[in-house]
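Coordinate inspection notes
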Amino acid sequence: RRDLAESLASFAEVGLMFDVAWALEGYAGLLIATGDEARAIRLAGAAAALRESIGTPNVPFWYADLQRRLGTARQVVGNDGAAEAWNTGKQLSPREAVTDVLTGDTAEE
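This one's a predicted model, so the numbers in the text were calculated from it and none came from an experiment. (Residues numbered from 1 in each chain as written. Predicted model: local features only at pLDDT ≥ 70, side-chain atom pairs only at ≥ 80, totals over all residues. Heavy atoms only, no water.)

**Section: the environment of Asp-65**
Mapped onto the elements, Asp-65 comes out in helix H4 (residues 60-91). Separated by 36 residues in the primary sequence, Asp-65 and Gly-29 have C-alpha atoms spaced 9.2 Å apart. Here Arg-69 takes part through its side chain, which lies 2.9 Å from a polar atom of the side chain of Asp-65. (Helix = DSSP H or I, 4+ residues; strand = E, 2+ residues; numbered from the N terminus. Polar contact = N/O pair within 3.5 Å; in protein donor to acceptor, adjacent residues only side chain to side chain.)

Structure, rendered in structure tokens:
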């Protein structure tokens, strides 16, 4: 978990935005697996917004897996909660999303 967060910070620091989006999605999957579904959906929304802003689509097999995991998370938090988390995430800047990961990671240790 810490390694992924550190990689995310490094990608952001050097401006590798495709990799930032990929790491945010990976971290979202990790959060779903550990029971933090709303935060996972928020970070996936941030990754989607970043992908849209840089004009890069997701890799099809990765996207399918991410959507399956997000479907599970949506069932846990409900449609309204999922929509709110997704929309909140879509409003985050890449820096804010990275900070969310890093500060959340620190708070959980």
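**Description of the side chain of Glu-37**
Among the structural elements, Glu-37 can be located in helix H3 (residues 37-54). Look at Glu-37: it is buried, it has no salt bridge, and the nearest opposite charge is Arg-69 at 11 Å. Those residues within four positions of Glu-37 in sequence are excluded, and the remaining contacts are Leu-31, Ile-32, Ala-73, Val-76 and Val-77. (Buried < 20%, exposed > 50% of the residue type's maximum accessible area, 1.4 Å probe, protein only. Lys, Arg positive; Asp, Glu negative; His and termini not counted. Salt bridge = Lys/Arg side-chain N within 4 Å of Asp/Glu carboxyl O. Contact = heavy atoms within 4.5 Å.)

**What about the nonpolar core?**
Ranked by internal contacts, the top residues of the largest apolar core, which has 25 residues, are Leu-8, Leu-24, Leu-43 and Val-101. Secondary-structure elements contributing two or more residues to this core are helix H1 (2-14), helix H2 (17-33), H3, H4 and helix H5 (94-108). Tallying contributions element by element places H2 first for this core, with 8 residues. Contacts of Val-101, omitting those with residues within four sequence positions, involve Ala-5, Leu-8, Leu-24, Tyr-27, Arg-39 and Leu-43. (Core = buried A, V, L, I, M, F, W, Y, C linked by side-chain atoms within 4.5 Å.)

**A closer look at H1**
Along its 13 residues, H1 runs 19 Å from first to last C-alpha, staying within 8% of the 18 Å computed at 1.5 Å per residue. Looking one or two residues beyond H1, the residue adopting positive phi is Gly-15, at roughly 85°. (Expected span 1.5 Å × (residues − 1).)

**Topic: the pattern of salt bridges**
Overall, the coordinates contain 7 salt bridges when judged by the stated rule. Arg-68 is paired through a salt bridge with Asp-65; the nearest N and O atoms lie 2.6 Å apart. A residue pair is termed a helical-turn pair when its members lie 3 or 4 positions apart in one helix, as Arg-68 and Asp-65 do in helix H4 at 3 residues. When its relative accessible area of 52% is taken as the criterion, Arg-68 is described as exposed. For Arg-69, the salt bridge is made with Asp-65, and the minimal N-O distance between the two is 2.9 Å. In this pair, Arg-69 and Asp-65 both sit in helix H4, 4 residues apart, roughly one turn of the helix. Residue Arg-69 is classed as partly exposed on the basis of its relative accessible area of 31%. Overlapping salt bridges bring together Asp-36, Arg-39, Arg-42 and Asp-100 as one network.

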